[in-house]
Structures are given as structure tokens and as C-alpha cells.
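Architecture and fold: a report
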Amino acid sequence: MIRRLLSAALAVLTTGTVAVVLQQPEPATAEPRGREPVVIGHRGAGAYRPEHTLLSYETAIALGADYIEPDLVSTKDHVLVARHENEIGGTTDVESHPEFAGRRTTKTIDGVSITGWFTEDFTLAELKTLRAEERIPDLRPNNTAFNGLAEIPTFDEVVALAKRSGVGVYPETKHPSYFDSIGLSLEEPLIEVLGRHGWRGSRDPVFIQSFETANLRELRKKTRLPLIQLITATGAPYDWVAAGDPRTYDTMVTPEGLRDVADYADGIGVDTRRIVPAGPDGRLLPPTTLVRDAHRAGLKVHTWTVRNENAQLPVDFRLGDPASPAYPRATGNVMGWLERLYSLGVDGVFADDPGMANAVRARVF
């Protein structure tokens, strides 16, 4: 409780005077629950530090996150590291390393042609010579002050930090079918690292997530740790696409589809648009029945991703002058958006600013 109060205060400080001038939203009445929703530090605390760095994870912990989220990819020597994608040209200083110029190549990842540098072409020792950089500097220019300060962390380092700090981990297996195809399966080293740190059971503070289905079904046979099926606003799991399966994520969110998910997963991680869709003008429509339907199927519902910037918020929760050059990166009414999601009964939120999510949670609940 003390950590929550301190982190709530820190959230106000880190957002400057914004909280003072925001119009207060109407109080929201949350669906009754046995416990408060969890706050997941999305890639750490991407609102304040370059994502997927120990700097970002440490900041998320200080701001009161219950879980920190590493996206996992593999090195050439089969070590799991935390990166948004296996292509690292946009998140590291690899371009400034002439010794790696010859590693730049073009690959097809999940049916998409991508040119750049890929983690699976580097050993861990080589990756450790690189330094992380802000992925979206135009939207988060302040984060560029931390460019060059942080290494690419291993999953083992992230789990060790979480254990020391008393928080959980929420790893995502990125492109599991692709990594299987090149002999660098993600699931076995993932389970091994967690087990080495003593996390093996259904009550341990771990959620393993994936946008694909086959690797979650495989994991269900190998571990009792909680599993989360990720669901985007459109499209289909890549393993279904690759197999010629005509089903999509739309199929998955039907009551029948949710019951199928419940056969192998403990919850769903959904785009906020699956919970509160938007119309053609970008304004929000009435909520769907997804949260209720998932709960009836015995599934938790975590939603992603709540971000502070106007450009990342629904039109209804943006603030300021749209004609201003600073408008896209200005902080909108993220507090009101969080209250809306909490009021709809979600079991957790992914937030780039976990301090804000934590502070609003403390007020709502």
C-alpha cells in the first residue's frame, strides 16, 4: 500500500501540472470483483525511458507496476533478449557499428519483407556491444536523452530484476512460428529461465502471452504458468494464416471462440478497440460484450495499450489545440480513459505510464 501511495504521488509529479488543468471525468462505477485490476508496465515505462531496457523496467517498478512486460526474441546462440522486434535497426545504435554493416539484410517475417539487422544473426556477446535508443523519437523526444545508456537486457536479467523488486513478469513470445522455422524455439528457454528463478506454478506472478495459438497450446502441455491469448483489433493469428485456416480474431472473440481459447489459456489480452470500438470519425461507440463474454468463459481480460499522448488516445480523450505542432505528443485525458476501461470490468491494463494507471486505479477502487 505504501508503494502504491508513493508511486501515485510520483505519477502526478512526472506529469507536471497536467493533472491540475484536466477536467475531472464523471466518477465511474467498476464491476464488482474479487481484486483490483493489475497494472502491467508495457515494455517497462515507455512514456519515460526507451522501452525494453532495464532503465524502463526499473522506472515501471518505481511507478507501481505489478508486472513488467518484456517482448522476447532470440540471439544466434539461443539466448532470449528483450526487444520490441527481432529487427533492431530502430531500437539500437547498430547502424553506427561499422563492424556489423555486413549483417544488414532482408528477411520475410510473418509474411512481411523487412530490411535491417536481426537479433538471430548476432550472438549475445555481440548484442551487448550495442546500446538502446528511443523507438519513436518524434512522439517521445525526451526519451532520447537516454539513448546510448542501456544495453539490450536478457530475459534472465529482467526476471532477476522483477524477483528483487517484488513484481511479476509478463513475457511475450514474438514471432514464435518464425523462430521455430530457424531452429530457435522460444518456449523451451522461456520456461527454463522462469523455472530457474522458481516460477513454475499457476499462482506465480507470471503471464506468458502470444498473438499465435499453436505455441500457447504447446506451452499448456509443458507448464502450469498462466497463459494469455493476445487479440488484435483486426487480422488473424499468423499460425492460422500460414496453415490456410480461414478463421480470424473476430472468430476468436465470439462466445464459442472464447470457450475454445479457455481450453488452453487463462485469459485474453485485447486491443482496447475490442472493448470500446470507435466509429468512422474516431469517436468511441458503446462498449462491446467482450469483457462479460470472456468472464463467462472463465477468462481474464487484460487490455492494451493505454498511452498518454494525444496521438495514441481515442479522439474523445484528446486535449489541446489540434493545430499545434505539439498536439500529437501532448498528454491527453489519459486519466478519463483509464477510468472508462476500469469501469468496464477489465482485469488488467497495459500502460506506457504505469504510474498514471496505478494512481487512477487507487482512486477508482
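Residues numbered from 1 in each chain as written. Predicted model: local features only at pLDDT ≥ 70, side-chain atom pairs only at ≥ 80, totals over all residues. Heavy atoms only, no water.

Some thoughts on the pattern of salt bridges
The final tally for this structure, using the stated rule, is 27 salt bridges. The shortest N-O distance in the salt bridge between D352 and R140 comes to 2.3 Å. Taken together, the positions of D352 in the loop between β13 (348-351) and α15 (354-364) and R140 in the loop between α4 (124-127) and α5 (155-165) put the pair 212 residues apart, joining distant regions of the chain. There is no split in this pair, since D352 and R140 are both buried. The partner of R196 in a salt bridge is E192, with the nearest N and O atoms 2.8 Å apart. A residue pair is termed a helical-turn pair when its members lie 3 or 4 positions apart in one helix, as R196 and E192 do in helix α7 (residues 187-196) at 4 residues. Using a relative accessible area of 41% as the deciding quantity, one classes E192 as partly exposed. Residues joined by salt bridges that share partners form a network here, namely R43, E51, D71 and R135. (Salt bridge = Lys/Arg side-chain N within 4 Å of Asp/Glu carboxyl O. Helix = DSSP H or I, 4+ residues; strand = E, 2+ residues; numbered from the N terminus. Buried < 20%, exposed > 50% of the residue type's maximum accessible area, 1.4 Å probe, protein only.)

Some thoughts on the environment of G89
Mapping G89 onto the fold places it in the loop between β4 (80-82) and β5 (105-109). On the basis of relative accessible area, G89 is assigned to the buried category, the value being 17%. Separated by 46 residues in the primary sequence, G89 and R135 place their C-alpha atoms 9.4 Å from one another.

Observations concerning the confidence of the model for the chain
The pLDDT averaged across the chain works out to 92; a share of 91% of its residues lies at or above 70. Here residues 8-33 is modelled with pLDDT under 50, and outside its nearest four sequence neighbours on either side it reaches 42 contacts, counting other chains as well. (pLDDT = per-residue confidence, 0-100. Contact = heavy atoms within 4.5 Å.)

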